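Report on the structure
In case you want the letters, here they are:
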Amino acid sequence: MTTRTEYVKGTPVALDGDRAVAEAMRQVNPDVVAAYPITPQTEIVQRFSEFVANGEVDTEFIAVESEHAAMSACIGASAAGGRAQTATAGAGLALMWEVTWVAAGTRLPIVMHVVNRSLSAPLNILCDHSDSMGVRDAGWIQLYAETIQEAYDDAIQAVRIAEHPDVMLPTMHTLDGFVLGHSLERIEVLPDEVVRGFIGTYNPRYSLLDVDHPVTFGPNDYHDYFFEHRRQQIEGMERALDVIPQIGEEFGALTGRRYGLVEGYQLDDADFAIVALGSINGTVKVVVDELRRQDRKVGLLKVRSFRPFPADKVAQALGGKRAIAVLDRSFSFGAQAHPLFLEVLTALYTHGFTPGMANYVFGLGGRDTLPWQIRQVYDDLAELEGVVSAPVRYLTVRE
Amino acid sequence: MTLKGWREIPIGGLIIDAGNSKEYETGSWRIKRPVVDMDRCSHCLICWVYCPDSAILVEDTRFAGIDLVYCKGCGICASECPRKAITMVDEAQARKGDHDDHQD
Ligand code: SF4
Ligand code: SF4
């Protein structure tokens, strides 16, 4: 039996989210990092370039002229057989959009650290999930963190997930801009050798630099094979549904912090549930604790892996609930509802469940969402049994 | 050429066998076919230099015909030939001719 004392001891430190990610990058020691600074990710790049300047990593750091170039350089480095990483946010991720598809389609296990930021206009540097949701169909694995500790842990696990031979897909993990990116939290940083042991070495099956086995990357691919290559990408995503929790368990056996695709909180006997991505889960947990003290059967389902979307796990966790509110921190203009809601609704419907449901958009452009507002959502849910509420509700928008 | 299923091909569109473009018969794209008037041809081989599909056949440094398995009918050879020895003709018509020849 594993006991607490058998876990690797980390060093407790106070770090903000950006520095925690930079610290994980230092420990991973990628072959190439190509990045361009953008608020609220800047501190990651700034801190990491200090590590480079101080000789604390062996990384080739490429100070590129744009995010499009950053991702392109990562693609080249990864095709050459190296571990390549970048970090970005908001408009930077939008500028990368075209090449994110190239990275995924070429099956390059690049790791990207995304500090979520809204998309302009009007100009806004604060948090929402429009940036990562904007690339949700590009073929990248997407993990969302609730805490800075999770962001640090995800930054390490992302390397293993991306490079897993069954997966071979680029992986982004996200942390909410400012809320996590610039806030201090006490986290445990693992010893360097433990991180290096956990990630191991990357042995690419094909490499542009392997001149004895010449390979063509990125050729033309038309009507006769393109669809088959897309089918393979879908397979990689589906296999990631097994690989992500497998690596999360392995990480847990080492550190005591286990990770899956989703995390239920007070969910088993709950009648009413909230589903969410990212740091808002912390606020929801506070409210759940408070309402539980008043004997209200409420719970939370935190979705860690948005891509691939774990439909079976979500349906298992939510099947039989009386009403469910799904919180989206992004917006799909003209859609019937928003990205997370549509996934949850589809998962439940295809598994034969038709609970009452409502979609709440919250926190756009960095709008604070407070415990009393989450309480309001649980109060609404009690009246929602058996109906899927339309239209979408907007938390905290002033009339 | 038999098309393979998604489980049988390398991921990411990678081409792992160097030189396998030979398996790709670009001749199937052709809607115009180059026909050479050998009375005008001076064997300068400018067409060989320009042909993007290596479809100009050469024997003993002399023009020896066109490889229709790979000639995609782009017409570059006809455009570049200094002797105006190459004419692009309708592929469907030319095929009918091939067919009639066979029956003869
Ligand atoms: S370019 Fe014209 S003249 Fe020269 S070899 Fe070709 S067909 Fe003959
Ligand atoms: S038509 Fe184009 S492909 Fe065909 S022989 Fe001429 S140059 Fe080559």
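Residues numbered from 1 in each chain as written. Chains lettered and ligands numbered in written order. Predicted model: local features only at pLDDT ≥ 70, side-chain atom pairs only at ≥ 80, totals over all residues. Heavy atoms only, no water.

Here we take up helix 4 (residues 90–105) of chain A. Residue and element names in this part refer to chain A. Over its 16 residues, helix 4 extends 22 Å from the first C-alpha to the last, a length consistent with the 22 Å expected when each residue adds 1.5 Å. At W97, helix 4 shows its maximal kink, close to 60°. Where helix 4 terminates, the next one or two residues include R107, which has phi positive at roughly 60°. (Helix = DSSP H or I, 4+ residues; strand = E, 2+ residues; numbered from the N terminus. Expected span 1.5 Å × (residues − 1). Bend = angle between axes of the 7 residues up to and from the residue.)

Attention shifts here to the site of ligand 2. Near ligand 2 you find P34, C51, P52, I56, C71, K72, G73, C74, G75, C77 and M88 of chain B, and these make up its full shell. Taken together, the residues of the shell around ligand 2 sort by class into 8 nonpolar, 2 polar and 1 charged. (Near = heavy atom within 4 Å. Nonpolar A, V, L, I, M, F, W, Y, C, P; charged D, E, K, R; others polar.)

Another aspect to go through is the pairing of strand 5 (residues 111–116) of chain A. Residue and element names in this part refer to chain A. A large share of strand 5 lies buried, amounting to 6 of its 6 residues. Neither face of strand 5 is exposed, since V111, H113 and V115 on one face and M112, V114 and N116 on the opposite face are all buried. When strand 4 (residues 84–88) meets strand 5, the two strands line up parallel, connected through 4 bridges. Counterpart to A87 in the pairing with strand 5 is H113. On the question of chirality, the crossover connecting strand 4 to the parallel strand 5 by way of helix 4 is right-handed. Looking at chain direction, strand 5 and strand 7 (residues 171–176) are connected through 6 bridges and run parallel. Note that in strand 7 the partner of V111 across the bridge is T171. (Buried < 20%, exposed > 50% of the residue type's maximum accessible area, 1.4 Å probe, protein only. Pairing = 2+ DSSP bridges. Right-handed = clockwise from strand over helix to strand, strands pointing away.)

Moving on: the confidence of the model for chain B. Confidence in the prediction for chain B averages 93 pLDDT; 93% of positions are at 70 or higher. The ipTM, which scores confidence in the relative placement of chains, is 0.89 for this predicted complex, and the corresponding pTM is 0.91. (pLDDT = per-residue confidence, 0-100.)

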